[in-house]
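Here is how the chains run, residue by residue.
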Amino acid sequence: MRPPDEKEQATTDAERTDGSGSDTDAIARPANDAGDEGETVSRRAFVRAAGATAAAGAVAATGADEATAQAETYRFGGEVAAWQGREPSAIEGQSNPTIELEAGNEYEFWFENLDGQPHNIVIQDGDGNAIAESELVQEQGATGSITFTATPQMTQYICTVHPTTMVGDLEVTGELEGGQGGGLPFESLVLIAGLALAFVSPVLFALFLFSRRGGDGDEATVRR
């Protein structure tokens, strides 16, 4: 048997190093497998960490929502003579106590029927319009309640069946976000209108500015 010549030897060596199932590939594969395994472990660790962070965030968000949704509760006893304050301790034992509220905060007014007469609890504005109203409670020991967000328009809580005796004052401090009425000041509306004209027609916008300057000049003349 003759030894292989130089060409045959070169071909054999090339086959061993060309990546087609050669010894070199067999040696390199374990290293690649180890790298893939390390990459898989890293991905798993990342997914677990991300999942834990998301879960913690969800729990925190839920807790914040529950805290925000929880309304401050005032409890009364309802009888023809008057509303009897029960809770919180600041109104306990008082008849028709004045209740202080903060605009924008949520409250619950809860009552128990003490005498078996029909009662409801209604939040009214200064003109006697109902803003929030409970159902009529007619049995002794039965309860009723209303939940509402305080606004500056609220002035009293009342039983509309016995309005002369079961009525108390509400004192609402602060304003709702954006102002009590929720509208924009007149000057802001004028500015918005001017900007709208600038987009629609530069000529109309120029006339608008001229009229504003003319009005300012007239005002200055009157002041003199």
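Everything below is about the structure printed above this text.
Residues numbered from 1 in each chain as written. Predicted model: local features only at pLDDT ≥ 70, side-chain atom pairs only at ≥ 80, totals over all residues. Heavy atoms only, no water.

A.B. asks: Sorry, what's going on with the packing of aromatic side chains here?
C.D. replies: Aromatic rings in a pair are described by how distant their centres are and how their planes are angled relative to each other. On inspection of all chains with the given rule, the structure shows nine aromatic pairs. Between Phe-109 and Phe-148 the ring centres are 5.2 Å apart and the planes differ by 85°, which places this aromatic pair in the edge-to-face class. Of this pair, Phe-109 sits in strand 4 (residues 106–113) while Phe-148 sits in strand 7 (residues 143–149); the two residues are 39 residues apart in sequence, bridging distant segments of the chain. Residue Phe-109 is classed as buried on the basis of its relative accessible area of 0%. An aromatic cluster is present here, built from Tyr-74, Phe-76, Trp-83, Tyr-107, Phe-109, Phe-111, Phe-148 and Tyr-157 joined pairwise through their rings. The cationic tip of Arg-75 hangs over the ring face of Trp-110; the distance from NZ or CZ to the ring centre is 4.7 Å. (Phe/Tyr/Trp six-rings, centres within 6.5 Å; stacked < 30°, edge-to-face > 60°. Helix = DSSP H or I, 4+ residues; strand = E, 2+ residues; numbered from the N terminus. Buried < 20%, exposed > 50% of the residue type's maximum accessible area, 1.4 Å probe, protein only. Lys NZ or Arg CZ within 6 Å of the ring centre and 35° of its normal.)

A.B. asks: Just to check I follow, could you spell out the side chain of Gln-84 for this structure?
C.D. replies: The residue Gln-84 is located in strand 2 (residues 82–87) in this model. Here the side chain of Gln-84 touches Glu-79 through a polar contact of 3.1 Å, side chain to side chain. (Polar contact = N/O pair within 3.5 Å; in protein donor to acceptor, adjacent residues only side chain to side chain.)

A.B. asks: Could you clarify how one ought to interpret the nonpolar core in this entry?
C.D. replies: Soluble globular proteins: nonpolar side chains tend toward being buried together. Phe-76, Ile-99, Leu-101, Phe-109, Ile-123, Phe-148 and Tyr-157 are the most contacted members of the largest nonpolar core, which totals 23 residues. Of all elements in the fold, only strand 1 (72–79), strand 3 (99–102), strand 4, strand 7, strand 8 (154–158) and strand 9 (167–173) reach the threshold of two or more residues within this core. The element contributing the most residues to this core is strand 4, with three residues. For Phe-148, the contacting residues outside a window of four places in its chain are Leu-101, Asn-105, Glu-106, Tyr-107, Phe-109, Ile-123, Ala-132 and Met-154. (Core = buried A, V, L, I, M, F, W, Y, C linked by side-chain atoms within 4.5 Å. Contact = heavy atoms within 4.5 Å.)

A.B. asks: What is the right way to read the side chain of Gln-124 from this model?
C.D. replies: With respect to the helices and strands, Gln-124 occurs in strand 5 (residues 122–125). Take Gln-124: its relative accessible area is 9%, and that puts it in the buried class. Reaching out from Gln-124, the side chain makes a polar contact with the side chain of Gln-156 at a distance of 2.7 Å. The residues touching Gln-124, leaving out its near neighbours within four places in the chain, are Asn-129, Ala-130, Ile-131, Gln-153, Met-154, Thr-155, Gln-156, Ile-158 and Thr-160.

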